[in-house]
Protein chains: 2
Amino acid sequence: MPLLVMKFGGTSVATPDRIRRAAKRVGREVANGYDVIVIVSAMAGKTNELVGWVNEISPFYDAREYDAVVSSGENVTAGLMALTLQEMDIPARSWQGWQVPLKTSSAHGAARIEEIPTDNMNAKFAQGMKVAVVAGFQGISPEGRITTLGRGGSDTTAVAFAAAFGAERCDIYTDVDGVYTTDPRITRKARKLDRIAFEEMLELASLGAKVLQTRSVELAMRYKVKLRVLSSFEDNDEHAGTLVCDEEEIMESNVVAGVAYSRDEAKMTLISVADRPGIAAAIFGPLADAGVNVDMIVQNISEEGRTDMTFSCPVDQVKRAERAMQDAKTRGEINFHDLYADTEVSKVSVVGIGMRSHAGVAAKMFKALRDENINIKVITTSEIKISVLIDRKYMELAVQALHDAFELEKAAG
Amino acid sequence: MPLLVMKFGGTSVATPDRIRRAAKRVGREVANGYDVIVIVSAMAGKTNELVGWVNEISPFYDAREYDAVVSSGENVTAGLMALTLQEMDIPARSWQGWQVPLKTSSAHGAARIEEIPTDNMNAKFAQGMKVAVVAGFQGISPEGRITTLGRGGSDTTAVAFAAAFGAERCDIYTDVDGVYTTDPRITRKARKLDRIAFEEMLELASLGAKVLQTRSVELAMRYKVKLRVLSSFEDNDEHAGTLVCDEEEIMESNVVAGVAYSRDEAKMTLISVADRPGIAAAIFGPLADAGVNVDMIVQNISEEGRTDMTFSCPVDQVKRAERAMQDAKTRGEINFHDLYADTEVSKVSVVGIGMRSHAGVAAKMFKALRDENINIKVITTSEIKISVLIDRKYMELAVQALHDAFELEKAAG
């Protein structure tokens, strides 16, 4: 029997009524001849309620107890979904993480999936069960404690099940109807993509297009799981949503798939650092230790043995970065004349696997920004992405200009 | 290390603040040199919320999924309690039913505890853990599914742990400060008992004094677990609450320990039933099958081969009882002229192990009721209890008269 994995996020199962609506979608796939593994999140708001209690009680909590508490929301939804399916005369049962058992590392709060045994659940399918409802986001550690996979972990649960069971597809039902060329709130020309390559999705996800958890995309890419993102709140035909897939499955694509942005960035510059071997390690080691997520790094040309070092990080980490740098200076590990922080910058990026074979993307991007008189402060590039830091006040304008310049409102082919 | 079991009900853990208050009580016992097993209920209201969702989705639910859903409330409290204790620098961790594992029968929704292995938890105590926080009300079936023990099941969990671990005492913290000679809402003369025998508590519990789940008292009696009921909301000294214990531990006691009542009873009479061997089975078999909880049974003297059969049941089961009797008549299994239902009766009982050695309790009871002109409709007796059915309008009066007649406002000795 062919198998599908269907994942429903918190807003899709927020009430018994919505659970019923989701169950009807599952019922349709069962009628189409599929066995289905359903992965559910906690009802919207429930995880926040649980996290709130934990924080109220214990700001520096034991992550094992945190996991035991917050995983309970998914257990509730799994049972309710199984009951709803049974009411529709569909043989279903719920599975909590430890019942599968979904084995993870012991890294509580951010555990990695290590193994999903399939024998037990497959035996139930063979006995006539049509739907296994699995509580997402959770697993069990080698010590027998409940673990969680981090926020958004239910996406990763879904992809891992699809990989373990060789599912035909993994459908992620959410409150948006797919992946867009850019944020539709910034330009109404934003177009839903029918398909997007794993690599592109990874860049977009990590750049703040929060449709899928990054790890779920990595996992899907590694195991070649066809991943579809679609809406719980609309009628979906076979072309609904966005298929995240291997680039070979995308016949025609634009050179640039989308324009991503990250609003609240900061650009920090260490003025006149001694340019000696090991200086980068001496700077970025302490920043990493301080929990600063350094993104872009630019080192200027050295003059007379000194250089300027520029990096970007989220704006709410500036204080932490400054303290780490001053401390390192006090300890004599680094030496600099001054430290500038520009906290009014945003990052805008164009992403597309087509860049690999098309020259001129960078030139076109820079020209579009110049035509709007937007000054570029920092540039970084990867194989399929070009990112720039610009003044925050120009962010929306830049996204619109780039969307126009690469004609993303038009489908390829 | 001596060990205590402490159980906190839903109102005692309703908020993070109340959990903190409960944790302080635990901390005091740890300071007294005890290892402690804490059993927690769900935060007040949470189980009702979960049951509400289940009923909304599926009126005739799969009890296995019901159990998976409703057990989650206790898991949340267990984690939060462990975190609270850790904040107080007390080494603590939470255990869900399946982690212990608390092994039960497969009777979902009303499972019986079969085994509580102690090795694993004792090893943690040996390693320095001071408090094990256990989610009450739940266990795991031989099939690996989550089971629940029925409403009030956390009391039973607590007593079972006390028995398995040989605890010095099992303290049940609740929203009343002990067991009273009768309901203080009916007479202000009601007096808190310092001690009560298991047998008396069983009769009082099953008669509607809902301080403890009946099964927890049965279990405590079988394993001689000293059970103390006391308030979460008051400062307790060593004489606080009520100790439920073996009768040998009660030096002096009144002949009658308390007066119990059950307000909403019905008295049903089958008129002119053929008096033949097996007639009782023919009547009470179908009633049991229909889920009618028959309490008192009285059979009148037979005349000319026919008799009247009277029984009592909760008033909300009258319709069900009538249907069961008419159906049995239609099937030709029983024969009766008429079926009367008196739905305006209450049951009042006096309970006390002292009755065994004291004659005249019944006579004193009947005289007290006669003096108030209260007519007795049905009488049943057991070794330590005399119960009567009376018109509901006299119930409070009867309780007050009996409390006075047996001078229950005065302590024995």
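All values reported here derive from a predicted model rather than from experimental measurement. Position labels on residues start from 1 in each chain and follow its written sequence. The naming scheme follows written order: chains are lettered A onward, ligands numbered 1 onward. The predicted nature of this model means local features are confined to residues of pLDDT at least 70 and side-chain atom pairs, given and counted, to a pLDDT of 80 or more, with totals for whole chains, interfaces and linings taken over all residues. Hydrogens and water molecules were not included; the side-chain quantities draw on all heavy atoms of the structure.

Peer 1: Got a minute to help me understand the pairing of strand E9 (residues 169-174) of chain B in this structure?
Peer 2: On a regular strand, one side chain projects to one face of the sheet and the next to the other, so that they alternate. All names here are of chain B. Burial classes: relative accessible area under 20% of the type maximum marks a residue as buried, over 50% as exposed, and values in between as partly exposed (1.4 Å probe, protein chains only). Elements are defined by DSSP. Helices are runs of H or I of four residues or more, strands are runs of E of two residues or more, and each kind is numbered from the N terminus. Counting buried positions along E9 gives six out of six residues, so the element sits mostly inside the fold. Where burial is concerned, the two faces of E9 agree: the one with Arg169, Asp171 and Tyr173 and the one with Cys170, Ile172 and Thr174 are both buried. For two strands to be treated as a pair, DSSP must find no fewer than two bridges joining them. Inspection of the sheet shows strand E1 (residues 3-8) paired to E9 by five bridges, in the parallel sense. Along E9, the bridge assignment pairs Phe8 with Tyr173. Where E9 meets strand E11 (residues 227-231), five bridges bridge the pair, whose relative direction is parallel. Each residue of the ladder has a partner; that of Tyr173, found in E11, is Leu230.

Peer 1: Mind showing me how you'd approach the interface of chain B and chain A here?
Peer 2: Counting residues at the interface gives 38 residues for chain B, matched by 38 residues for chain A. Between chain B and chain A, a total of about 3,300 Å² is buried, with carbon and sulfur atoms accounting for 62% of that surface. In what follows, salt bridge is the name for a side-chain nitrogen of Lys or Arg lying within 4 Å of a carboxyl oxygen of Asp or Glu. Our count for the contact surface shared by chain B and chain A stands at two salt bridges. Across the pair Lys46(B) and Glu49(A) runs a salt bridge, and its minimum N-O distance is 3.4 Å. For this analysis, a polar contact is any N or O atom pair within 3.5 Å, provided that within protein one partner can donate a hydrogen and the other can accept it, and provided that sequence-adjacent residues contribute only side-chain to side-chain pairs. One can count 11 residue pairs in polar contact (both at pLDDT 80 or more) joining chain B with chain A. Put simply, the parts of the chain that give the side of chain B that touches chain A at least two residues each are helix H1 (16-31), helix H2 (46-57), helix H3 (63-70), helix H4 (72-87) and strand E3 (92-95) of chain B. Only heavy atoms enter the contact rule, under which two residues are in contact if any of them lie within 4.5 Å. Each of two parts loses accessible area, computed with a 1.4 Å probe, when they are put together; buried area is these two losses added.

Peer 1: Is there a simple way to think about the UniProt feature "domain: ACT" (unreviewed entry) in chain A in this case?
Peer 2: On the UniProt side, "domain: ACT" (unreviewed entry) is annotated at positions that read residues 268-350 of chain A here. Along residues 268-350 of chain A the backbone is 29% helical and 39% strand, and the end-to-end C-alpha distance reaches 23 Å. UniProt positions are given in the numbering used here, feature names are shortened, and annotations may be inferred rather than shown by experiment.

Peer 1: Honestly, the environment of Phe366(B) in this entry has me stumped. Any pointers?
Peer 2: All names here are of chain B. Inspection of the secondary structure puts Phe366 in helix H11 (residues 361-371). Accessibility expressed as a relative area gives 27% for Phe366, which makes it partly exposed. Taking the C-alpha atoms as reference, Phe366 lies 11 Å from Ala401; in sequence the two are 35 residues apart. Contacts of Phe366, omitting those with residues within four sequence positions, involve Ile376, Ile379, Ile386 and Val388.

Peer 1: Would you mind going over a positive patch on the surface with me for this structure?
Peer 2: A residue counts toward a patch only above 30% relative accessible area and without a salt bridge, and it is joined to like-charged neighbours within 9 Å or, for Val, Leu, Ile, Met, Phe, Trp and Tyr, to nonpolar neighbours within 5 Å. Note on areas: Shrake-Rupley, 1.4 Å probe, and residue coverage restricted to the protein chains presented here. Here Asp and Glu are counted as negative and Lys and Arg as positive; His is not counted, and neither are the chain ends. We put the charge of a Lys on NZ, of an Arg on CZ, of an Asp on CG and of a Glu on CD. On the surface, Arg18(A), Arg21(A), Lys24(A) and Arg28(A) cluster together into a patch of positive charge. Take Arg18(A): it is sitting in helix H1 (residues 16-31).

Peer 1: Help me understand the relation of the copies chain B and chain A in this model?
Peer 2: Each of the two chain copies can be brought onto the other by rotation about an axis and movement along it. To superpose the copies, least squares is applied to the C-alpha atoms of every residue with a pLDDT of at least 70 in both. With an RMSD of 0.2 Å, chain B superimposes on chain A once it is rotated by 180° and translated 0.0 Å along the axis. Taken together, these values place the two copies in the relation of a two-fold axis. Relative to the rotation axis, the C-alpha of Ser72(B) is the closest in chain B, positioned 2.9 Å from it. Both copies share a contact surface, since 100% of the interface residues of chain B are interface residues in chain A too.

Peer 1: Whenever I open this one, the UniProt feature "binding site: ATP" (unreviewed entry) in chain A confuses me. Can you help?
Peer 2: All names here are of chain A. In the UniProt entry, the feature "binding site: ATP" (unreviewed entry) is given for Lys7, Phe8, Gly9, Gly10, Thr174, Asp175, Tyr180, Arg185, Lys210 and Val211. Tracing the backbone shows Tyr180 in the loop between strand E9 (169-174) and strand E10 (195-197). Not counting residues up to four positions away in its chain, the partners in contact with Tyr180 are Ala190, Arg191, Lys192 and Leu193. Relative to the helices and strands, Arg185 resides in the loop between E9 and E10. For Arg185, a relative accessible area of 74% puts it in the exposed group.

Peer 1: Could you clarify how one ought to interpret the domain arrangement of chain A in this entry?
Peer 2: Note: interface size is frequently given as the accessible area lost on complex formation between the parts. Residue and element names in this part refer to chain A. Source of the domain bounds: an automatic or database domain assignment. When the domains of chain A are assigned, the result is domain 1 (3-251) and domain 2 (259-405). Its C-alpha centre places domain 1 at a distance of 34 Å from the equivalent point of domain 2. Domain 1 puts 16 residues into the contact, and the matching count from domain 2 is 19 residues. Each partner contributes to the roughly 1,500 Å² buried at the junction of domain 1 and domain 2, and carbon and sulfur atoms together form 60% of this total.

Peer 1: How should I be thinking about the packing of aromatic side chains in this particular structure?
Peer 2: Here a ring pair, both rings aromatic, is described through the centre-centre distance and the interplanar angle of the planes. Working definition: rings of Phe, Tyr and Trp (its six-membered ring) pair if their centres are within 6.5 Å, and the pair is stacked with planes under 30 degrees apart, edge-to-face with planes over 60 apart, and tilted otherwise. The tally for this structure, following the rule as stated, stands at nine aromatic pairs over all chains. The interplanar angle of 15° and the centroid separation of 4.6 Å between the aromatic rings of Tyr61(A) and Tyr66(A) together place this pair among those described as stacked. Tyr61(A) sits in the partly exposed class, given a relative accessible area of 32%. Judged by centre distance (5.6 Å) and plane angle (80°), the rings of Phe284(B) and Phe311(B) are edge-to-face. Here Phe284(B) is found in helix H9 (residues 279-289), whereas its partner Phe311(B) is found in strand E15 (residues 306-314), with 27 residues between them in sequence. Each member of the pair, Phe284(B) together with Phe311(B), is buried. Lysine and arginine charges are scored as sitting over a ring when NZ or CZ, respectively, is within 6 Å of the ring centre and within 35 degrees of the ring normal. In this structure, Arg93(A) is placed above the aromatic ring of Trp95(A), and the distance from its NZ or CZ to the ring centre is 3.8 Å. Sitting over the face of the ring of Phe336(A), Lys329(A) holds its NZ or CZ atom 4.5 Å from the ring centroid.

Peer 1: Help me understand the packing of helix H4 (residues 72-87) of chain A against H2(B) in this model?
Peer 2: Relative orientation and spacing of two packed helices are given, respectively, by the angle between their axes and the distance between those axes. Two numbers describe how H4(A) lies on H2(B): the axes approach to 9 Å, and their chain directions differ by 20°. In this view, H4(A) runs roughly parallel relative to H2(B), as classed from their interaxial angle. Considering the relative orientation of H4(A) and H2(B), their crossing is right-handed. Residues Val76(A), Leu80(A), Leu83(A), Thr84(A) and Glu87(A) of H4(A) touch H2(B), and the partners they reach there are Leu50(B), Trp53(B), Val54(B) and Ile57(B). Interaxial angles span 0 to 180 degrees and are taken between N-to-C directions of axes, which are lines fitted to C-alpha atoms, for helices over the stretch in contact. An angle below 35 degrees is treated as roughly parallel, one above 145 as roughly antiparallel, one from 65 to 115 as roughly perpendicular, and anything else as oblique. Handedness of each helix crossing follows the sense of rotation of the near helix against the far helix: counterclockwise by less than a right angle gives left-handed, clockwise gives right-handed.

Peer 1: Can you walk me through the sheet that holds strand E14 (residues 297-299) of chain B in this structure?
Peer 2: Remark on secondary structure: sheet strands pair via backbone hydrogen bonds, oriented parallel or antiparallel. All names here are of chain B. Strand order in the open sheet made by the six strands is E14-E15-E13-E16-E18-E17, with antiparallel pairing throughout. Unpaired on one side and paired on the other, E14 and strand E17 (378-382) mark the two borders of the sheet. Going across the sheet, the axis of each strand differs from the next one's by a mean of 25°, ignoring polarity. Across the sheet, helix H12 (residues 395-405) lies against strand E13 (258-274), strand E16 (338-351) and strand E18 (385-391), angled at about 120° from E13, the strand it touches most.

Peer 1: I'm lost on the sheet that holds strand E18 (residues 385-391) of chain A in this one. Help?
Peer 2: Residues and elements named next belong to chain A. Strand order in the open sheet made by the six strands is E14-E15-E13-E16-E18-E17, with antiparallel pairing throughout. Both edges of this open sheet fall to strand E14 (297-299) and strand E17 (378-382), since each of them pairs with a single strand only. If you compare each strand with its neighbour and ignore which way they point, the axes differ by 25° on average. Relative to strand E15 (residues 306-314), strand E13 (residues 258-274) is paired through eight bridges, and the arrangement is antiparallel. Paired with Met268 across the two strands is Phe311, which belongs to E15. Lying over the sheet, helix H11 (residues 361-371) contacts strand E16 (338-351), E17 and E18, oriented at roughly 20° with respect to E18.

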